[in-house]
Structures are given as C-alpha cells and as structure tokens.
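Listed below are the residues making up each chain.
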Amino acid sequence: MSFRETILQNVRNNQPSYRELPAIPKFHSEQLLDLKEKFVEELKELSGEVVTEPPIDFEKFLRNRFPDAKAICSTVPEYAGNRKPEDITRWSDASSIDVTIVRSPLGVAETGSVLFSEEEFRVNTIGVFAHDIVILLDPAEIVENIHDAYGHPHFRDKAYSLLMSGPSGSADIAGTTVHPAQGVTTLTVIFWPMAAATKV
Amino acid sequence: MSTVDQAKNAAAFIDDKTHERHLDQLLWMLRTKRDDAARRVPEWEQLRDLASKIKEHTLSNLAHYLEMFESRAKANGVTVHWAQDAHEHNQIVYQILSDRKADSLVKSKSMLTEECDTRRFLENRGIQVTETDLGERIQQLDDESPSHIVGPAWHKTTQDVANLFARVYGSDKNKADPVYLAHVMREHTRPLIEQAKAGMTGANFAVAETGAVVTVTNEGNADLSANAPALRICSVGLEKIIPTNEHLAVFIRLLTRSATGMAITQYTSHFRAPRQNGEMHIILVDNGRSSRLGMEKFWPSLKCIRCAACMNTCPVYRRSGGLSYGSTYMGPIGIIMMPTFDIRRYSELPFSSTLNGSCTNVCPVKINIHEQIYAWREVMEEKHQFKLVKKEAMIVAGKVLSHPRLYRMAADSMETSLKVLPRFALYNHFNAWGRHRDIPQPAKETFHDWYKKYRSQAAGQEVSR
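Residues numbered from 1 in each chain as written. Chains lettered and ligands numbered in written order. Predicted model: local features only at pLDDT ≥ 70, side-chain atom pairs only at ≥ 80, totals over all residues.

J.: In this structure, what is going on with the packing of helix α1 (residues 3-14) of chain A against helix α4 (residues 62-75) of chain B? I would like to understand it.
T.: To characterise two packed helices, one gives the angle between the axes of the helices and the distance between these axes. Interaxial distance between α1 of chain A and α4 of chain B falls to 8 Å at its minimum, and their mutual angle equals 150°. For the pair formed by α1 of chain A and α4 of chain B, the contact residues are Leu-8, Val-11 and Arg-12 of chain A on the first element and Leu-62, Ala-63 and Leu-66 of chain B on the second. Grouping the constituent residues of the contact of α1 of chain A with α4 of chain B by class yields 5 nonpolar, no polar and 1 charged. (Axes fitted to C-alpha atoms, helices over the stretch in contact; angles between N-to-C directions. Helix = DSSP H or I, 4+ residues; strand = E, 2+ residues; numbered from the N terminus. Contact = placed C-beta atoms within 7 Å. Nonpolar A, V, L, I, M, F, W, Y, C, P; charged D, E, K, R; others polar.)

J.: Teacher, can you tell me more about the domain arrangement of chain B here?
T.: One frequently used descriptor of interface size is the decrease in accessible area upon assembly of the parts. Domain boundaries assigned for chain B yield domain 1 (1-40 + 297-386), domain 2 (42-287) and domain 3 (389-464). Computed over C-alpha atoms only, the centres of domain 2 of chain B and domain 3 of chain B are separated by 51 Å. (Domains from an automatic or database assignment.)

J.: Can you walk me through the sheet that holds strand β2 (residues 72-74) of chain A in this structure?
T.: Residue and element names in this part refer to chain A. Read from one edge of the open sheet, 5 strands run β1-β9-β6-β3-β2, paired in parallel fashion. On the outer flanks of this sheet lie β1 (49-51) and β2, each paired with one strand and no other. On average, each strand axis in the sheet is tilted by 20° relative to the strand beside it, whichever way the strands run. (Pairing = 2+ DSSP bridges.)

J.: When you look at the nonpolar core in this model, what are you seeing that I'm missing?
T.: Inside soluble globular proteins, nonpolar side chains tend to come together where they are buried. Judged by nonpolar contacts, the single largest core of 153 residues is most densely connected at Phe-251 and Cys-310 of chain B. Both of domain 1 (1-40 + 297-386) and domain 2 (42-287) of chain B provide at least three residues apiece to this core. Setting aside anything within four residues of it in sequence, one finds Phe-251 of chain B in contact with Ala-51, Phe-205, Ile-242 and Ile-305 of chain B. By size, the runner-up hydrophobic cluster in this structure holds 19 residues, among which are Ile-173 and Val-178 of chain A together with Ala-153 and Met-185 of chain B. (Core = buried A, V, L, I, M, F, W, Y, C linked by C-beta atoms within 7 Å. Buried ≥ 20, exposed ≤ 12 C-beta atoms within 10 Å, placed from the backbone.)

J.: I'm lost on the sheet that holds strand β8 (residues 160-164) of chain A in this one. Help?
T.: Note on sheets: strands pair through backbone hydrogen bonds, and any given pair is parallel or antiparallel. Strands sit in the order β7(A)-β4(A)-β5(A)-β8(A)-β9(B)-β6(B)-β5(B)-β8(B) across an open sheet of 8 strands; the sheet is mixed. Among the strands making up the open sheet, the edge pair consists of β7 (142-143) of chain A together with β8 (241-242) of chain B. Relative to strand β5 (residues 113-117) of chain A, strand β4 (residues 107-108) of chain A runs antiparallel, the two sharing 2 bridges. By the bridge assignment for β5 of chain A, Val-108 of chain A is matched with Ser-113 of chain A.

J.: How should the packing of helix α9 (residues 158-169) of chain B against helix α10 (residues 178-195) of chain B be read in this particular structure?
T.: Residues and elements named next belong to chain B. Running from N to C, α9 and α10 point in directions that differ by 30°, and their axes come no closer than 10 Å. Crossing angle aside, the handedness with which α9 passes α10 is left-handed. Side by side, α9 and α10 meet where Thr-158, Val-161, Ala-162, Phe-165 and Tyr-169 of the first sit next to Pro-178, Leu-181, Val-184 and His-188 of the second. In terms of residue class, the contact of α9 with α10 is made up of 7 nonpolar, 2 polar and no charged. (Left-handed = near helix turned anticlockwise from the far one by under 90°.)

J.: Even after reading the chapter, I still don't get the confidence of the model for chain B, so can you show me in this structure?
T.: Where the model shows low pLDDT, its predicted coordinates should not be examined in detail. For chain B, mean pLDDT is 92; residues scoring 70 or higher make up 96% of the total. Predicted complex, confidence summary: ipTM 0.96, pTM 0.92. (pLDDT = per-residue confidence, 0-100.)

Below, the structure written as structure tokens:
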C-alpha cells in the first residue's frame, strides 16, 4: 500500500462519527454602514493610508510623496510609469522597483483590505518586493466584510490571490508592530472610480 | 529521551525577573487586545460556534476532503505528496530540492516544519536554509526553538535582540529599538530571498473546494518566499483542510483577532496553482494526526488553528516562557498535543496548568482544552506515568479530601502553622508554592466555621418565628 493509501485508510478508520456542516448566515450590519469611512478607519489601524479623491495632478502627487523614487512600475492606464511588470525577467528583480502602482478590483470595509491576483500584478513580486505601493480602488467596489469578499471569483479562479491590508510589519520584537518588515514599506490607497469606458 | 520537567525549566526563567515580567506584560496586553477585538464583532460567539462545527464536520469526514483537496490541487498543476511522518516529510523536501540542484531555501514560519525538525535535516545535507519571519530568524540565529507559535522570540527583550544582531550582523547594540532592528533584519534577509533557489511555506488553511493553501503573515515573507523563486514547496498538516472559501471566511475573521487583536494580518495569501513558469509542491503530512483522530477524548485538539490565544491567557505559560515546555507546541495547546507524540517524554506537561479554564474560554474553535488537560492527567495515572513523589502526594491528598474530618484537621493545623511558624520554617525546600511567591495570609475563619455559625443563626431565627 502506498503512503497515501495508508494515511487515508488510517484516517477513514479513525475519523469520529459524522458531524453536520453548519450553514453560514449572511452577516451584515443592521445599521446602514458608510463602507468608505469604515474602510479608511480599518486600513489606518494597520498603518495604511487612504486618499479619498483622485489627485488632480497624479505626477505631482507621486513626486511629492516619493521624492527619491526612480523606478515606478505601473500596471494602470491612469499613469504610464517607467517600468512594466513584463520588463522583469527574474521575479526577484522586482526588488529594484521603488513604487508599484496597481488597481485593486475589491476592497473590504471590515478589515481595510484590497484584493490582488496575478491578473492585476502580472508579475506577483511587484506587489511585495517594491519599496512602496499605490493602489487605485473604485469605492463602489468596497464590500462590507470578509464573507462578502470571498464571493469574489479571484479566489476560485486565480493561481494567487492576496488580501493586502497595510504595509508589511512585524510585532516579533516586543510585541509592538513596526514597519517595515520584508515587504512594502508604505501602502496608499486612492479612491479612484474606474472610468466608465474601461469598466467592463 | 528523558521526561521534560517543565516546572524545573521554568524556575530558571522565573528567577530572571526582567524576562518574566516582560513576557507576562506582553502576553497580557495581547490577551486584552483580543478581548477588545472580540467585543467589536457582535457575532463573535456565533463565529466561534461555527468555526468549531466546521472543523468537527471536516474532521469527521476528513478522508473525503483530503481526496477532494488532492484532486483539485493536481488539476491546478500542483504536485501532491503524502508523508506518514517527519522523516518522510523531510526526505520528500530534500528530494525535491536535490533533484533540481537547489542548494538554498527561504522559508516562512511553519510549526509543522518545526515539528519535523526540517531545517536541521536540510542543513545537515548541505542546503542553506533561511527563516524569513523576523521572530523565527531571531531564533534561528540564536540557535533556539520558537518559544511561542505566533511570536517565536517573544520571550526575548528588545535588548536581547539588539545584542544578538550586534553579535551576528555587527549592528549597534546600544540601539535597542524595534524599528532599527527590523531594518537590520530587512537589509540582511532580503538579498537571501532574492537569491534563493527555492521557497517553502506552511499553511494556515487548505481549502478542499479550490485546492488552495492559505498563509497568514504580517511581514509578507510567505509571499516573498513563495513567489520569488520558481520552485515552491508547501507543507500542510492533514488537519488544516477546510471545505470551502465560504468557511474560510469564518476562520479568517477569528484567527488574527484571537492572536493579536488585529482585525486581519497585512497579508492573507491564497496559493492555488504554481506561479507562471513555476513549480509547486504540496506535502500532506500525517505525523501522528490520523492516530490522534481516533482518540475519543483528544481528537478535538485537531481543530486548533494555531492562534495562541490559549498561551497568551495562561498564567503558567505567561510566567514560565515557552522554552520551558521543551516541545514544539507549548502552553495549554501544547500540553494536550505533545503527549500524543511521546507520552513518556511529555508525561509531566499536563500538570503545568491551574485548570482555570481560561484557555477554553478564549479558544476560537472551542477546544475543551482544560478538560483535555485533566483527562491527560488521568491517562498518565492509568499509564503509570506519574512520578513517585507526585503519586504519593496524590494518594495523601485523595485520603484527606475524601474524609471531611481529616480535611478540617489538616486545614486547622495549616492555619495555625502559618500564623506561628517563622519564615525560614515555612519557606523550605519542600514548599514548591513558596519558592517564587508569598504564601497567602490565612483567612480569619474557614468557610466551614463561617457556615456552621451562619447555619446555627439561621436555625435559631427559624425557631423564633
């Protein structure tokens, strides 16, 4: 008998008597929540920042916010940048990116999270190796909670789905969260409605 | 191996007041934050109940879900391996690496690989292994095991880490500042991640419906380890399977809030298929789990989602530090898991508890931890794993507690002794309680005396009516 068969046979022999799978109710707040406000509040708890309107001059916004940034990798039509994910041959070379600009298809108010997959990143490491990340999010795409979020097709269809909730941090020294850890050092979300023309 | 004497190991930690106080305060802060986070979620208790039931359903139907997970993962292009024990697991990892001439591995924190002692196994065969979680890396550099399953180095003070980094990396030992130290770690570890030939992670959950493994980190190190190298290995304990994404949502809402009081970790990552031009292997590991599944009283420990809330709340763990348990899993959850690995070696652990039930109250998947601790004590007695001294003491206690008159005599003489005996006579070698704390002042009267008085008064009032 193979290891697989032996293990499965032991599991079958030993598993306890059948227990029912409970139904998961829809958990939604009874009060009408301002999802944008809740999102901002929760992301702030995890040291992320939210800009609530698209900057009039995005170029200037980036220059002010990241004065030393040279390599800007953009995957969005709103800003060209000077790098594309496809320029990266070895995935760990994404560590040379100063700022990644990417659009998220989903926000989660309960946790201040944004969703990504290989569809948005194209090269997954641009979202974790870059020094800083700027995320465009259509506020109409914010859902109330994690239950709602897991209804998104990315979690069924994509090779890699990431709920990102703030810049990388660590509380491993003395229990207080500090930034940065191994990933991005800052995370900024801009509420930026998707142009009707590009919204498919 | 000899029996772990947790109490003896803890004594050294307790003697060092700085570390004892540091750990106690840190973990109690986390416990408080967990309580605040739970209070902010109106359906918290409902979520705990659901989480418990989902886990119980899955474990009662585990073979079915394991097969479903395997077939979905394979369909996604993942190679699935099965390992009966730690050695088989380590052999599989080594084989994957050596077949591809991968001599450097970056890994994120995984208690399963600690359980299997994978790092040592690979290092002995010439593989360079780098832990990428800050706490785990600290412990690797200091050649120590993790002392806590969420914060492996939480028993260390910031100054301890500053001293360690000064010794290993040449950083400034006078800068005992977590921000500075996190920067030092980033500078030294990121190049190793960039150059690594393979990446390895554990899994917090494995979703049968999609074949995805899910990792939860604050640092993003699992995402770096899994995405940067084209070769990726993921080790999954059999009990990590849950049915669907709908169920995953329940656990994601509970896990981080229970662990640290945060609503979620910065990175909640779902790996369903290999990255572009990459290769992904999942190893499903038994290592005693299928046997535990058949233990009538102890199988519910397999529901554990490794949040460590039971450790943060436990007065014994908080004061004695995780290393004192001499085991991969420590604190209340460790006490009920470790004897299933080696009953003789961990026979003393079930006595490192006050049985106050706080662990059970905070457990997000409602494991009856304190009841299992008590049940393990019974097993130790049945299996003759009691130390002679403990056994004799229990026999005497059993006699005294089952004879009211004997008990009252003992209580009276103890009360008198506490009042009249000098300090040196009370705090002697045999007084384990008094080694690290003062004996409580005796009450003015015993409950029995108070009750006798009250009852006679009540009886008198009854008569005069």
